[in-house]
Amino acid sequence: MKTKILVTGGLGFIGSHTVVALQEKGYDVVIIDNLSNSDISVLEGITKITGVRPEFEAIDLRDKAKVIDFFNRHSDIKGIIHFAASKAVGESVQKPLLYYENNINTLIYLLQQMQDKEIRNFIFSSSCTVYGEPDSLPITEAAPIKPALSPYGNTKQIGEEIIRDTAKAYPEFNSIALRYFNPIGAHPTAYIGELPLGVPQNLIPFVTQTAAGIRQELSVFGDDYPTPDGTAIRDYIHVVDLAESHVVALERLLNNRQKANFEVFNIGTGRGSSVMEIIKSFEKVNGLKLNYKIVGRREGDVTSVWADTSLAEKELGWKARLSMEDALRDAWHWQQKISK
Ligand code: UD1
């Protein structure tokens, strides 16, 4: 019998790539997604890549009665990977209550159902945003959590606290929070990728849409940071590598290899790239020129962020294999496909 895993938000950017990785490893996947920031066509993309159509239910996790009904009908779930959440930093400042409802209520309902149905294994999507402006680089998991700069960031901090308290109260509950650095790229087949709604807020979708002529020009937010070229530095990780980290984390839970029943891992490449480096690499690997201009800094942005990934390497046996150049090439192939 195959092991059945629930992936919430499984039609989203990271979720869909993780569903592919799980199915390629022989897991049975059931997806819950409310389609608020994803498209049903992603199911076809996953099916094309893996040859398997995952089970899918269009459920909004804020609807507690529907969540209870779902778990009553799926008694064989062995683990949950929880992606479903809102993630736009700016929107979260405008609509904080929506963010707390979407990201916190849904987490609580899932954890309650796990208690009720004795489902033991839980993986949570956290973010390097919990570190704020770091005191030293690279950032280890022991770095202090800084006051959140946005309601979105706060939901990730609160989410981790809720899981930590749950793990303390219920020793049989096993959980891992993965703190993602900046996920980019697309599946190399270009059957799935990132589908931003409206004007992209993140760098890479804005870059690819500019290259495709959908946006006139990319704005580089600040060239007066204390970095070698003056632009801000991030740790960009290929979404396929990131997806893989969920499978190894899940297997640590399923095989009872944890050192504690709540663990936290940084998931990045360990290397930082500046905005200018990204622009230059994108131009080089794809053989084109990008229209860009330097503008002022974006409020809330930090200077430099990159991960110390040695804990994930030691404990999970995981490290990123793909390069930033691979990700920029795959992101561009995907953009060309969807803008046709
Ligand atoms: C952002 C969020 C972070 C979230 C992550 C999700 C903020 C402050 N942080 O991270 O909490 O977890 O997305 O993926 O929004 N840039 C430009 N021009 C653009 C867009 C971005 O120069 O049009 C620059 C930014 O200033 C930054 C870098 O590119 O230096 C990366 O930006 P982005 O992709 O938005 O990611 P983060 O801000 O690192």
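From a predicted model like this one, the values you see are computed outputs, not experimental measurements.

Visitor: I tried to follow the overall build of the protein chain on my own but got confused; where do I start?
Guide: Helix and strand counts for the protein chain stand at 11 helices and 13 strands. Here the C-alpha atoms of the protein chain give a radius of gyration of 19 Å, agreeing with the 20 Å that 2.2 N^0.38 yields for 340 residues. With the C-alpha coordinates of the protein chain rotated into their principal frame, the extents come out at 55 × 45 × 40 Å. Within the protein chain, contacts between residues at least 6 apart in sequence are counted, and of these 80% link residues at least 24 apart. Mean positive and mean negative side-chain charge positions of the protein chain (37 and 42 charges, respectively) differ by 2 Å.

Visitor: Whenever I open this one, the pattern of salt bridges confuses me. Can you help?
Guide: Pairs may arise between side chains of opposite charge once their charged atoms sit close together. For the coordinates displayed, the defined rule picks out 25 salt bridges. Between E283 and K289 there is a salt bridge, and its shortest N-O distance comes to 3.5 Å. Residue E283 is classed as buried on the basis of its relative accessible area of 7%. Linked through salt bridges whose partners overlap, the residues forming this network are R252, K259, E263, K314 and E315.

Visitor: Would you mind showing me how to read the nonpolar core here?
Guide: Side chains of a nonpolar character, in soluble globular proteins, are inclined to be buried together. Within the largest apolar cluster, 38 residues are counted, with the highest numbers of intra-cluster contacts made by L22, I46, L178, I267, L316 and W318. For this core, the secondary structure elements donating two or more residues are β1 (4-8), α1 (13-24), β2 (28-32), α2 (41-50), β6 (174-180), α8 (239-254), β11 (262-267) and α10 (310-316). Among the elements that take part in this core, α8 stands out by supplying eight residues, more than any other. Within the second largest apolar cluster, 24 residues are counted, among which are F71, I119, F124 and F173.

Visitor: Sorry if this is basic, but what is going on with the site of the ligand here?
Guide: Surrounding the ligand, one finds 18 residues, the nearest of these being L203, S219, R234, R298 and D301. Within the contact set of the ligand, an oxygen atom lies 2.8 Å away from a backbone nitrogen or oxygen of L203. In this structure, an oxygen atom belonging to the ligand sits 2.8 Å away from a side-chain N or O atom of R298. In isolation the ligand has 740 Å² of accessible area, and contact with the protein removes 86% of it. Counted by class, the shell around the ligand contains nine nonpolar, six polar and three charged residues.

Visitor: Would you mind going over unusual backbone geometry with me for this structure?
Guide: Generally, phi is negative for residues other than glycine and the peptide bonds are trans, each holding for most cases. A cis amide bond, omega -5°, links L137 with the succeeding residue P138. Following the sequence through the fold, P138 ends up in the loop between β5 (121-127) and α6 (151-169). In this structure, L35 is a non-glycine residue whose phi angle is positive, near 60°. As for its position among the elements, L35 is in the loop between β2 and α2. By relative accessible area, which is 31% here, L35 ends up partly exposed. Positive phi values are uncommon outside glycine, yet E118 reaches one of about 55°. Inspection of the secondary structure puts E118 in the loop between α5 (96-117) and β5.

The rules we used
Residues numbered from 1 in each chain as written. Predicted model: local features only at pLDDT ≥ 70, side-chain atom pairs only at ≥ 80, totals over all residues. Heavy atoms only, no water. Helix = DSSP H or I, 4+ residues; strand = E, 2+ residues; numbered from the N terminus. Rg over C-alpha atoms; globule rule 2.2 N^0.38 Å. Contact = heavy atoms within 4.5 Å. Lys, Arg positive; Asp, Glu negative; His and termini not counted. Charge placed at Lys NZ, Arg CZ, Asp CG, Glu CD. Salt bridge = Lys/Arg side-chain N within 4 Å of Asp/Glu carboxyl O. Buried < 20%, exposed > 50% of the residue type's maximum accessible area, 1.4 Å probe, protein only. Core = buried A, V, L, I, M, F, W, Y, C linked by side-chain atoms within 4.5 Å. Near = heavy atom within 4 Å. Polar contact = N/O pair within 3.5 Å; in protein donor to acceptor, adjacent residues only side chain to side chain. Areas by Shrake-Rupley, 256 points an atom, 1.4 Å probe, with all protein chains shown as cover. Nonpolar A, V, L, I, M, F, W, Y, C, P; charged D, E, K, R; others polar.

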